[in-house]
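# What the coordinates show
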2 protein chains.
Amino acid sequence: MRVYNFSAGPAVMPEEVLEKAAGEMLEQGGSGQSVMEMSHRSKEYETVQNECEALLRETLAIPGNYRVLFTQGGAHMQFEMVPLNLMVKGKADFVVTGQWAGKAYSEAKKYGAANLVASSEDKTFSYIPALDSSKFDKDADYFHICQNNTIFGTRFPELPETGGVPLVADMSSCILSEPVDVSKYGLIYACAQKNMGPAGVTVVIIREDLIRDLSGSKVPVMLRYQIYAENNSLYNTPPTFAIYMCGLVLKWIKEKGGLTAMKSLNEKKAAVLYDYLDSSKLFKSTVEKKFRSLMNAPFVTGNEKLDKKFIKEAKEAGFVNLGGHRSVGGMRASIYNAMPVEGVEKLVAFMKKFEEENL
Amino acid sequence: MRVYNFSAGPAVMPEEVLEKAAGEMLEQGGSGQSVMEMSHRSKEYETVQNECEALLRETLAIPGNYRVLFTQGGAHMQFEMVPLNLMVKGKADFVVTGQWAGKAYSEAKKYGAANLVASSEDKTFSYIPALDSSKFDKDADYFHICQNNTIFGTRFPELPETGGVPLVADMSSCILSEPVDVSKYGLIYACAQKNMGPAGVTVVIIREDLIRDLSGSKVPVMLRYQIYAENNSLYNTPPTFAIYMCGLVLKWIKEKGGLTAMKSLNEKKAAVLYDYLDSSKLFKSTVEKKFRSLMNAPFVTGNEKLDKKFIKEAKEAGFVNLGGHRSVGGMRASIYNAMPVEGVEKLVAFMKKFEEENL
């Protein structure tokens, strides 16, 4: 029997998508092959990858002057690739709202001057700091944010106004959860394993003019956006099956009504959970109301032993991966697109029962 | 109906493995989740990855002083990672036996002195050059070979004697095809998508003393072997589903009798194909006999139009991906572990019929 999986990623996938993938495992379409057996140079695979890209473009309404790249290595590889490719003048602005934003900031220091505009570390990243635009470097190569923080459960309620400086956003844990205006960004990156597909593929959406010619440079070939852009992400073998799975997820999103429908469902699920947390005498949210993520909701009882008891009993009742990130403890419920409303309602019912028994 | 797939990679997978994966797509073991939905920090996933590593260690008889790392980015990423991690004195020896060996050589030049020991480019890489050990640099950081050339269909009949210089081998297209003595190598790397699993994971087997401490260096974090070794390949999210599939393939190899059985089957398949090629008046192998690969067999008719006709008619008859690499043309049959003997026999029967009709 399938469990309710609240993992922060790799995360729950839509059951319909898993069923489709299982059904096509020995033969996709009329190809006589599994997608994972297809040569990446074959027409059959080309169709799979092009369909995935077309669906992503349609779903996110990506403007024509942006390229979609399929890379590997997760957001961590982007912490290196973004500065290696975008730092021309050698400086960039950073807002540090958690562990991933912090890593993006510290890795970038290897390549140039990384300017810390603001941080919310003083209160364990439980809010998004107000941004003082006088601290922005108007001459920076880019301005980096992590739009939704997976560990601490915050999200930017509005985007910083960076003027002519390209905004770069790590959207790993919020991509496809609601509509976004891609034209406001210079570059968006997101690993697949939260809202898009399995681990092993990382999507980069980059404004064409930011793709720098690095021919003849010492930058590792596989870390140049140019190589992916010039070769339709087929310079070498891409993670073909992972890209196919992303295509299936994107089809599922389209069938469900696209990102407007996703947003409405995600808001509904978040409301069920946060409303209960705000009314509970046992559990409480760790995040200031206006910065709460729609995707990742950390919460605590304030008693470590009770937290552990809750996580254990929840697992036994079929609600798994509710432990907080190993760096912070407590609990966290990740409620991505593929988590049904009913899953959150049942979790809340279970929490209420646990509260009655343990208060 | 499934086809006979002679793709050079991504390549045919064992049907039993695909069936197993399809059956577990909605729930693996008693976990209530697909492997691709599992948190990479969960006990459930840890078991999957540890089993895959243990099977690889058993199958290849990997000595205890070697580490197994699961990386991303394919062999191409290794063309960068090997010099970035192993070049301490800043020099390495290379034998160029084809396109991949050539790329490994040219990328390494960015990081130090790459010494070309020998090349077989003069005869379109149709042989493995004799190695003059006086050209070896006794002080090199490593000696690099591509053990089996996927495009030109050659393989090293014996390993170079490099003395104290660590031998580094790209085994992407021959790993798991026959037993090897891992202790003769300093480092082995192989992308999965030929004999091991789906595209998206690249295995590195490295002797512990070669794992260099790069803390504080400018080397991108994700390109340091140290990071993978210290974190059991879990510094960030690994390509979990691809690793699971490799585990299923390794289980299949074990059930079939391990690498001794694989070698015997592969020799049988290669003999069926090469014996026919050597007797044919229409088709001929492009490789000198003693250097012929067990895995990739390129062949031509000598007439480009006829080559195209053959590839087209073969596809219609259910033998797919028989075109040669886009850089060389002609035909190529890749006959990896998962290609049954019957597939090669049927291909040869088809070729005989084509020969009768077109000679």
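Residues numbered from 1 in each chain as written. Chains lettered and ligands numbered in written order. Predicted model: local features only at pLDDT ≥ 70, side-chain atom pairs only at ≥ 80, totals over all residues. Heavy atoms only, no water.

### Details of the interface of chain B and chain A
Taken together, the contact pairs 64 residues of chain B with 64 residues of chain A. A combined buried area of about 4900 Å² lies between chain B and chain A, and 57% of that area is made up of carbon and sulfur atoms. Contact with chain A buries surface across chain B, with Leu26(B), Met36(B) and Glu37(B) losing the most and accounting together for 13% of the total. If you look at where chain B meets chain A, you find 4 salt bridges. Glu37(B) serves as the salt-bridge partner of Arg2(A), at 2.8 Å between the closest nitrogen and oxygen. Taken together, chain B and chain A are joined by 28 residue pairs in polar contact (both at pLDDT 80 or more). Counting only elements with at least two residues in the side of chain B that touches chain A, the list comes to helix H1 (15–23), helix H3 (74–86), helix H4 (99–108) and helix H6 (240–255) of chain B. Residues belonging to the side of chain B that touches chain A are distributed by class as follows: 28 nonpolar, 21 polar and 15 charged. (Contact = heavy atoms within 4.5 Å. Buried area = accessible area lost by both parts, 1.4 Å probe. Salt bridge = Lys/Arg side-chain N within 4 Å of Asp/Glu carboxyl O. Polar contact = N/O pair within 3.5 Å; in protein donor to acceptor, adjacent residues only side chain to side chain. Helix = DSSP H or I, 4+ residues; strand = E, 2+ residues; numbered from the N terminus. Nonpolar A, V, L, I, M, F, W, Y, C, P; charged D, E, K, R; others polar.)

### Concerning the relation of the copies chain B and chain A
Mapping chain B onto chain A calls for a screw motion: a turn of 180 degrees about the axis and a shift of 0.0 Å along it, with 0.0 Å RMSD after fitting. Here the two chains are linked by the operation of a two-fold rotation axis. Residues of chain B ranked by C-alpha distance from the rotation axis are headed by Ala22(B), positioned 2.2 Å from it. Both copies share a contact surface, since 100% of the interface residues of chain B are interface residues in chain A too. (Least-squares fit on C-alpha atoms with pLDDT ≥ 70 in both.)

### Some thoughts on the sheet that holds strand E14 (residues 331–334) of chain A
All names here are of chain A. Read across the open sheet, the 3 strands follow the order E11-E12-E14; overall the sheet is antiparallel. Lying at the two open borders of the sheet, with one neighbouring strand each, are strand E11 (284–285) and E14. Pairing analysis gives 4 bridges linking strand E12 (residues 296–300) to E14, with the strands arranged antiparallel. Pairing of Phe299 across the sheet is with Met331, part of E14. (Pairing = 2+ DSSP bridges.)

### Side note on empty space enclosed by the protein
The rolling of a water-molecule-sized probe over the atoms marks out the regions of remaining empty space. Per the stated rule, a full pass over the model turns up 10 cavities of 30 Å³ or more. Of the voids in this model, the largest cavity is the one considered here, and its volume is about 90 Å³. Classifying every residue of the lining of the largest cavity by side-chain character gives 10 nonpolar, 2 polar and no charged. Computed from the structure, the second largest cavity encloses a volume of approximately 70 Å³. (1 Å grid on protein atoms, 1.4 Å probe; cavity = no way out; pocket = protein on both sides within 12 Å on 5 of 7 lines; lining within 4 Å. Points joined across faces, edges and corners; volume = space filled by probe spheres on them.)

### Quick look at the state of the cysteines
Residue and element names in this part refer to chain B. The full count for this structure, using the stated rule, is 0 disulfides over all chains. Not part of a disulfide, Cys52 finds its nearest cysteine sulfur in Cys246, a span of 5.3 Å. For Cys52, a relative accessible area of 1% translates into the label buried. (Disulfide = S-S within 2.5 Å. Buried < 20%, exposed > 50% of the residue type's maximum accessible area, 1.4 Å probe, protein only.)

### Remarks on the packing of helix H7 (residues 258–279) of chain A against helix H9 (residues 341–358) of chain A
Residues and elements named next belong to chain A. Packing of H7 against H9 leaves a shortest axis separation of 9 Å and a crossing angle of 5 degrees. When the axes of H7 and H9 are compared, the pair comes out roughly parallel. Listed contacts from H9 to Leu265, Lys268, Lys269, Val272, Leu273, Tyr276 and Leu277 of H7 are Val341, Val344, Glu345, Val348, Met351, Lys352 and Glu355. Along the lines of polarity and charge, the residues of the contact of H7 with H9 split into 9 nonpolar, no polar and 5 charged. (Axes fitted to C-alpha atoms, helices over the stretch in contact; angles between N-to-C directions. Parallel < 35°, antiparallel > 145°, perpendicular 65-115°, else oblique.)

### Looking at the sheet that holds strand E4 (residues 113–119) of chain A
Residue and element names in this part refer to chain A. The strand order E2-E10-E9-E8-E5-E3-E4 describes an open sheet built from 7 strands, whose pairing is mixed. Each edge of the sheet is formed by a strand with only one pairing partner; in this case those strands are strand E2 (66–71) and E4. Taken pair by pair, the neighbouring strands of this sheet meet at an average axis angle of 20 degrees, ignoring direction. Here strand E3 (residues 91–96) runs beside strand E5 (residues 142–146); their pairing, made up of 3 bridges, is parallel. Residue pairing across strands places Asp93 opposite Phe143, the latter belonging to E5. Each of E2 and strand E10 (202–207) touches helix H2 (residues 43–60); the most contacted strand, E2, lies at about 130 degrees to it. Running at roughly 160 degrees to strand E9 (residues 187–191), helix H3 (residues 74–86) makes contact with E2, E5, strand E8 (167–170), E9 and E10 of the sheet.

### Structural notes on the side chain of Ser233(A)
All names here are of chain A. Structurally, Ser233 can be placed in the loop between helix H5 (225–230) and helix H6 (240–255). Within the structure, the side chain of Ser233 is placed 2.9 Å from the backbone nitrogen of Phe70, a separation counted as a polar contact. When sequence neighbours within four positions are dropped, the list of residues in contact with Ser233 reads Gln49, Val68, Leu69, Phe70, Tyr228 and Pro238.

### Focus on the pattern of salt bridges
Should their charged atoms come close, side chains of opposite charge can pair. All names here are of chain A. On inspection of all chains with the given rule, the structure shows 42 salt bridges over all chains. A salt bridge links Asp278 to Arg292; the nearest nitrogen and oxygen atoms lie 3.0 Å apart. With Asp278 in helix H7 and Arg292 in the loop between E11 and E12, this pair connects stretches of sequence that are 14 residues apart. Owing to a relative accessible area of 38%, Asp278 belongs among the partly exposed residues under this scheme. Classification of Arg292 as buried rests on a relative accessible area of 12%.

### Section: the side chain of Ser42(A)
Secondary-structure assignment places Ser42(A) in the loop between helix H1 (15–23) and H2. What makes Ser42(A) buried here is its relative accessible area of 7%.

### Here's the deal with the packing of aromatic side chains
Taken as a whole, this structure holds 33 aromatic pairs over all chains when the rule is applied. Ring plane angle 40 degrees and centroid distance 5.4 Å describe the contact between Phe319(B) and Phe350(B), whose orientation is recorded as tilted. With Phe319(B) in strand E13 (residues 319–320) and Phe350(B) in helix H9 (residues 341–358), this pair connects stretches of sequence that are 31 residues apart. Accessibility classification places Phe319(B) together with Phe350(B) in one group, the buried group. Each residue in the set Tyr4(A), Phe6(A), Tyr276(A), Phe283(A), Phe299(A), Phe310(A), Phe319(A), Phe350(A) and Phe354(A) is aromatic and connected to the rest through ring pairs, giving one cluster. The lysine or arginine in question, Lys123(A), covers the ring of Tyr127(A), its NZ or CZ lying 5.6 Å from the ring centre. (Phe/Tyr/Trp six-rings, centres within 6.5 Å; stacked < 30°, edge-to-face > 60°. Lys NZ or Arg CZ within 6 Å of the ring centre and 35° of its normal.)

### A word on the nonpolar core
With 188 residues, the main nonpolar core has Phe241(A), Phe283(A), Phe310(A), Phe241(B), Phe283(B) and Phe310(B) as its most contacted residues. Leave out the neighbours within four places in its chain, and Phe241(B) touches Met25(A), Met36(A), Phe241(A), Met25(B), Val35(B) and Met36(B). Judged by nonpolar contacts, the second largest core, of 80 residues, contains Leu69(A), Phe125(A), Ala108(B) and Ile211(B). (Core = buried A, V, L, I, M, F, W, Y, C linked by side-chain atoms within 4.5 Å.)

### Some thoughts on the domain arrangement of chain A
Residues and elements named next belong to chain A. The domain boundaries assigned to chain A delineate domain 1 (16–255) and domain 2 (258–358). Listed by partner, the interface residues are 27 residues for domain 1 and 24 residues for domain 2. Approximately 2200 Å² of surface area, both sides summed, lies buried where domain 1 meets domain 2, with 59% of it carried by carbon and sulfur atoms. Linking domain 1 with domain 2 are 0 salt bridges, by the criterion used here. At the junction of domain 1 and domain 2, the tally comes to 12 residue pairs in polar contact (both at pLDDT 80 or more). Looking at the side of domain 1 that touches domain 2, the elements with two or more residues in it are H2, helix H4 (99–108), strand E6 (148–149), strand E7 (154–155) and H6. With 3 residues, the single largest contributor to the side of domain 1 that touches domain 2 is H6. Looking at the side of domain 1 that touches domain 2, its residues break down into 12 nonpolar, 11 polar and 4 charged. (Domains from an automatic or database assignment.)

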